[in-house]
Amino acid sequence: PRAAAFVSRDRSLVMQAAVRLGNGLIMHQRDVPIPSPTEPGQVRVKVHAAGTNPVDYKLPKLVAGPIAGIDVAGVVDAVAPGAPPGAAFDVGDEVFGFATGGSVAEYALADASKLASKPETMTFVDAAAMPTAYVTSYQALFEHGEMRPGARVLIIGAS
């Protein structure tokens, strides 16, 4: 099936994004509307780097939304209306974490509770590579593998 193109003459209303088409495996760069944070606790992130993971291409139907990507790193540029100053994150804060609705785009929405402050010593690219890979590794080793201090683990091929 052919995707309908979003057309706007006002470039301030649109962004470029990697959009899934059809079965979710094929992605094309498209103009899409810039999202606005509307839910309590939601922020918009100006994306500096985005991570892709096996779930993005192996199980695209499990990932909500037409825009690819889950992991994001960037700068908060808008917060949902009604958020008190100093709540979670403010405009200008450097963050990384999980986007809702896709991260391979110029802007991404995220629930502030799924973000963390980006350490000053970490690049945006390194930060975008962290969320899914780190959480998956942590859960495998500590929650399912029951690793304890002093234990050893052999990692083959980092997979």
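Provided above is the structure to which this section pertains.
Quick caveat, the model's predicted, so the values are computed rather than measured.

A. Just the overall build of the protein, in detail. A count of helices and strands for the protein gives 3 helices and 7 strands. Beginning at the N terminus, the succession of helices and strands in the protein can be written as β-β-β-α-β-β-β-β-α-α. Of all 159 residues assigned to the protein, the portion counted as buried reaches 35%. Considering only contacts in the protein between residues 6 or more positions apart, those separated by 24 or more positions represent 59%. Total accessible area on the protein stands at roughly 10,000 Å², and carbon and sulfur atoms take up 59% of it.

B. Spotlight on the pattern of salt bridges. If you walk through the whole model with that rule in mind, you get 2 salt bridges. A salt bridge links Arg44 to Asp77, with the shortest nitrogen-to-oxygen separation between them at 2.8 Å. Remark: Asp77 occurs in strand β4 (residues 71–79) and Arg44 occurs in strand β3 (residues 42–51); sequence separation between them is 33 residues. Exposure remark for Arg44: the relative accessible area of 15% places this residue in the buried category. For Glu94, the salt bridge goes to Lys118, with nearest N and O atoms at 3.3 Å. Here Glu94, found in strand β5 (residues 94–98), pairs with Lys118, found in the loop between β7 (115–117) and α2 (124–128); they are 24 residues apart in sequence, far enough to count as distant. Glu94 sits in the partly exposed class, given a relative accessible area of 34%.

Cut-off values and rules
- Residue numbers run consecutively from 1 along every chain, following the written order of its sequence.
- Restriction of local features to residues with pLDDT of at least 70 applies here, the model being predicted, together with a cutoff of 80 or more for giving and counting side-chain atom pairs; totals for whole chains, interfaces and linings are based on all residues.
- For side-chain calculations, the full set of non-hydrogen atoms in the structure is used, while hydrogens and water are omitted.
- The helix count covers DSSP runs of H or I at least four residues long, the strand count covers runs of E at least two residues long, and both are numbered beginning at the N terminus.
- Accessible area is worked out with a 1.4 Å probe on protein chains only. A residue is then buried under 20% of its type maximum, exposed over 50%, and partly exposed in between.
- The contact definition used throughout considers only heavy atoms, calling two residues in contact when any of these lie within 4.5 Å.
- Only the protein chains shown count as cover for residues, and all accessible areas are computed by the Shrake-Rupley method using a 1.4 Å probe.
- We define a salt bridge as a side-chain nitrogen of Lys or Arg found within 4 Å of a carboxyl oxygen belonging to Asp or Glu.

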